[in-house]
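Chain residues, written in single-letter form:
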Amino acid sequence: QVQLVESGGGLVQAGGSLRLSCAASGRTFSSYAMGWFRQAPGKEREFVAHIRWSGGSTYYADSVKGRFTMSRDNAKNTVYLQMNSLKPEDTAVYHCAAAGPYYSGIYYLPHEYDYWGQGTQVTVSS
């Protein structure tokens with residue numbers, strides 16, 4: 001079982017930056033592909049970013065490409081989402097997710113992920 005806990009959310013002005021962290025349990029954390037999703041009120045979870053188990057490849061939604069950067073530190077069992085140039089439309093609850101051993105590679109689909117954190121609120125004021 002993998003347990004995920006996000007932190008780092010908060011209130012920030014448009015154009016500002018935040019760094020989200022996701023602390024994960026599990027001896028085999030380094031073998032799990034990881035993703036970030038966000039969910040705004042009344043909407044389904046939206047793909048934000050993904051990193052391969054090796055940490056060598058990352059993928060981003062078009063809406064955040066060039067502004068957000070995902071990374072992982074397997075030694076610390078932690079993944080990060082550095083968010084720069086934040087916009088009001090980025091306001092959402094941000095969830096990290098672990099794909100688990102049966103991940104098929106469709107990184108942008110929520111159902112590909114087996115484990116989810118409870119989320120951290122990001123609010124960007126205009």
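Our structure is the block above this text.
Residues take numbers from 1 onward in each chain, read along the sequence in its written order. Local features in this predicted model are restricted to residues whose pLDDT is 70 or higher, and side-chain atom pairs enter the listing and the counts only when it is 80 or higher, whereas totals over whole chains, interfaces and linings include all residues. Just so you know, side-chain values use all the structure's heavy atoms and leave hydrogens and water out.

Q: Is there a simple way to think about the pattern of salt bridges in this case?
A: Pairing is possible between side chains that carry opposite charge, provided their charged atoms lie close to one another. Throughout this description, the term salt bridge denotes a Lys or Arg side-chain nitrogen within 4 Å of a carboxyl oxygen of Asp or Glu. One pass over the structure, following the stated rule, counts 3 salt bridges. Put simply, R38 and E46 hold a salt bridge, and the shortest N to O gap is 3.0 Å. The salt bridge involving D90 is made with R38; its shortest N-O contact spans 2.9 Å. Taken together, the positions of D90 in the loop between β8 (78-83) and β9 (92-98) and R38 in strand β4 (residues 34-39) put the pair 52 residues apart, joining distant regions of the chain. Numbering goes from the N terminus for both helices and strands, where a helix is a DSSP run of H or I of at least four residues and a strand is a run of E of at least two.

Q: Any chance you could explain the side chain of H95 here in plain terms?
A: Checked against the element boundaries, H95 lands in strand β9. Only protein chains enter the calculation, and the probe is 1.4 Å; a residue is then buried if its accessible area is under 20% of its type maximum, exposed if over 50%, and partly exposed in between. For H95, a relative accessible area of 5% puts it in the buried group. By the criterion applied in these results, polar contacts are pairs of N or O atoms within 3.5 Å in which, for protein atoms, one can donate a hydrogen and the other can accept it, and in which residues neighboring in sequence qualify only through two side-chain atoms. Of note is the side chain of H95, whose polar atom sits 3.1 Å from the backbone oxygen of G117.

Q: Mind showing me how you'd approach the nonpolar core here?
A: Buried together is how nonpolar side chains tend to be arranged in soluble globular proteins. Counting 35 residues, the largest nonpolar core has M34, W36, L81, M83 and Y94 as the members making the most contacts within it. Elements that contribute at least two residues to this core include exactly β3 (18-24), β4, β5 (46-51), β7 (68-73), β8, β9 and β11 (120-125). Residue contributions to this core peak at 5 residues, all from β9. Contacts are assigned to residue pairs that have any heavy atoms within 4.5 Å of one another. Apart from residues lying up to four places away in sequence, L81 is in contact with L18, R19, L20, W36, V48, A49, F68, T69, M70 and Y94. For this analysis, a nonpolar core means a set of buried residues of the types Ala, Val, Leu, Ile, Met, Phe, Trp, Tyr and Cys, connected via side-chain atoms within 4.5 Å.

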